[in-house]
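Understanding the architecture of this molecule
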Amino acid sequence: MKVLFVGDASNLHNCLAQELRRMGNDAVVASNGSTWMDTRRDINLLRRPGKLGAVRYVIDIVKALPRMRGYDVVQIAGQIFLDLKPAKVRRVLDYLKRHNRCVVLSALATDRVYYDACHDGHTYRYSDYRLGNEPSPYVQSAEYQAQQQDNWGKPFMKEYSDHVVKTIDGATACLWEYYVAYKPLLGDRVAHTGIPIDVESLTPRELDDVPGKVRFFIGIQPDRTVIKGTDRMHEALQRVCQARPDECEMVVARSVPYAQYVEMMRSSHVLLDQLYSYTPATNALLAMAQGLVAVSGAEPEYYELIGETENQPVINVNPLVDGDIEAKLNWIIDNKHLLPQMSRRSREFVEKHNSAAVVAQRHLDFWQQLTTQK
């Protein structure tokens, strides 16, 4: 197949493209390199700061458009797959639709469809926006108000989102959360494909012995700390490490490039990731592929969707239960003799469900289904 990825997030499209090439397909990535992660791309669409950067960015897109024609599949990274206002992104989307066989949405970030599901009162027990019946810390934060993140709820975003849903031929969801949001709209035109991890490039850390100190790792992105609950995870970890300094220690990575981030992660035993998630995301899966134990989201709904009943290695944390994070961290320290076994099971889980080869084949099967229907 000839595939074009436009946009990227957390290296998802680049990882898919590399695996598709290994499988004999033609894959091209046009993206901003996931901004600070600086991931690989064939067409560089990084927007530089300031007015000059904005002008240069538009020129780069216009120059790239002729190279975005004639593909079997164009897969866009979310509804806003370029760093432009919706009206301008819409024009590019319509261009891609006219000049390619099939356009597919990667449901991999917040958009109007997910926003509506978060606010309908029944799809999720908790989300970025609500914890039970209460607004989430993110919605109550100064960051949220300053950035006007409620734009997704405004009429112009509803209009734009409706156009995207009407235009695309289908959607792939990397998380359970996005799958259940899109399922009522698209039916069998949405597939849960998961997040691809290049497990072959990640050598698992051998944990044959019980560590003297449990080393916890947490990555912090300043602009996403509150929305992902990293602030609460970090605070809980600090309290545990202060209370038990002889039994555990903490490694913190703040907005470092992807390659450096992976190296820092490898020296640890346990990763703390997202709090308001039902599904282990890229960060957790990368860690698990290297033999770390992930403390993140892994709710029963997720395991049911992927059909996993035996190996459920993620330490699930519940944001609705006070003290749950600290309780889980203390449990890990008290049961550190289990870490070698948990490490192996974490690697096995990613190999089975999220290896790049497995996820790429899911995409190929789904794309084939869509293209044969056209």
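What comes next is a walk through the structure. (Residues numbered from 1 in each chain as written. Predicted model: local features only at pLDDT ≥ 70, side-chain atom pairs only at ≥ 80, totals over all residues. Heavy atoms only, no water.)

As a further point, take the pairing of strand β13 (residues 293–296). Residues Val-293 and Val-295 point to one face of β13 and Ala-294 and Ser-296 to the other, with burial holding for every one of them. Where strand β12 (residues 270–272) lies against β13, 3 bridges are found, and the strand directions are parallel. By the bridge assignment for β13, Leu-272 is matched with Val-295. Between the parallel elements β12 and β13, the chain passes through helix α10 (residues 282–289) in a crossover that is right-handed. (Buried < 20%, exposed > 50% of the residue type's maximum accessible area, 1.4 Å probe, protein only. Helix = DSSP H or I, 4+ residues; strand = E, 2+ residues; numbered from the N terminus. Pairing = 2+ DSSP bridges. Right-handed = clockwise from strand over helix to strand, strands pointing away.)

Moving on, we come to the side chain of Thr-193. Mapped onto the elements of the fold, Thr-193 is located in the loop between β9 (190–192) and β10 (214–220). Not counting residues up to four positions away in its chain, the partners in contact with Thr-193 are Thr-172, Ala-173, Val-359, Arg-362 and His-363. (Contact = heavy atoms within 4.5 Å.)

A few words on the sheet that holds β12. Across the sheet, which stays open at both edges, the 5 strands sit in the order β11-β10-β12-β13-β14 with parallel pairing between neighbours. Single-partner strands in this sheet number two, and they are β11 (248–254) and β14 (315–316). One ladder, built from 3 bridges, connects β10 with β12; its direction is parallel. Within β12, the position partnered with Phe-216 by the bridge is Val-270.

Let us now look at unusual backbone geometry. Even without being glycine, Ser-10 reaches a positive phi, approximately 55°. Here Ser-10 shows up in the loop between β1 (2–6) and α1 (12–22). For Asn-11, which is not glycine, the phi dihedral falls at a positive 70°. Topologically, Asn-11 is positioned in the loop between β1 and α1.

Pairing is parallel in the open sheet, where 7 strands are placed in the order β3-β2-β1-β4-β5-β8-β9. Looking at the sheet topology across the chains shown, the edges are occupied by β3 (43–44) and β9. Of the pairings in the sheet, the one linking β1 to strand β4 (residues 73–77) comprises 4 bridges and is parallel in character. Following the sheet pairing, Val-6 is matched in β4 by Ile-76. Across the face of the sheet, α1 comes into contact with β1, β2 (26–31), β4 and β5 (103–107) while running at roughly 160° to β2. Across the sheet, helix α7 (residues 176–186) is in contact with β5, β8 (170–173) and β9; its angle to β9 comes to roughly 160°. (Axes fitted to C-alpha atoms, helices over the stretch in contact; angles between N-to-C directions.)

The next thing to look at is the packing of helix α13 (residues 339–353) against helix α14 (residues 356–373). The geometry of α13 relative to α14 is characterised by a closest axis approach of 6 Å and an angle of 25° between their N-to-C directions. Classed by the angle they form, the pair α13 and α14 counts as roughly parallel. Side by side, α13 and α14 meet where Glu-351, Lys-352 and His-353 of the first sit next to Val-358, Val-359 and Arg-362 of the second. Classifying every residue of the contact of α13 with α14 gives 2 nonpolar, 1 polar and 3 charged. (Parallel < 35°, antiparallel > 145°, perpendicular 65-115°, else oblique. Nonpolar A, V, L, I, M, F, W, Y, C, P; charged D, E, K, R; others polar.)

A word on helix α6 (residues 155–167). Relative to the 18 Å expected for 13 residues at 1.5 Å per residue, α6 spans 18 Å between its end C-alpha atoms, a close match to the ideal helical length. Where α6 is concerned, the buried positions are Met-157, Tyr-160, Ser-161, His-163, Val-164, Val-165 and Thr-167. Against α3 (86–99), α4 (112–119) and α7 lie the buried residues of α6. (Expected span 1.5 Å × (residues − 1).)

Let us look at the pattern of salt bridges. As enumerated under the stated definition, the model contains 16 salt bridges in all. Residue Asp-116 pairs with Arg-112 through a salt bridge whose shortest N-O separation is 2.8 Å. One end of the pair, Asp-116, and the other, Arg-112, are both in helix α4, 4 residues apart, so they sit about a helical turn from each other. On the accessibility criterion, Arg-112 (12% relative accessible area) is buried. Between Lys-158 and Asp-162 there is a salt bridge, and its shortest N-O distance comes to 3.3 Å. With Lys-158 and Asp-162 both in helix α6 and 4 residues apart, this pair spans about one turn of that helix. You can call Lys-158 partly exposed: its relative accessible area is 35%. By relative accessible area, which is 37% here, Asp-162 ends up partly exposed. (Salt bridge = Lys/Arg side-chain N within 4 Å of Asp/Glu carboxyl O.)

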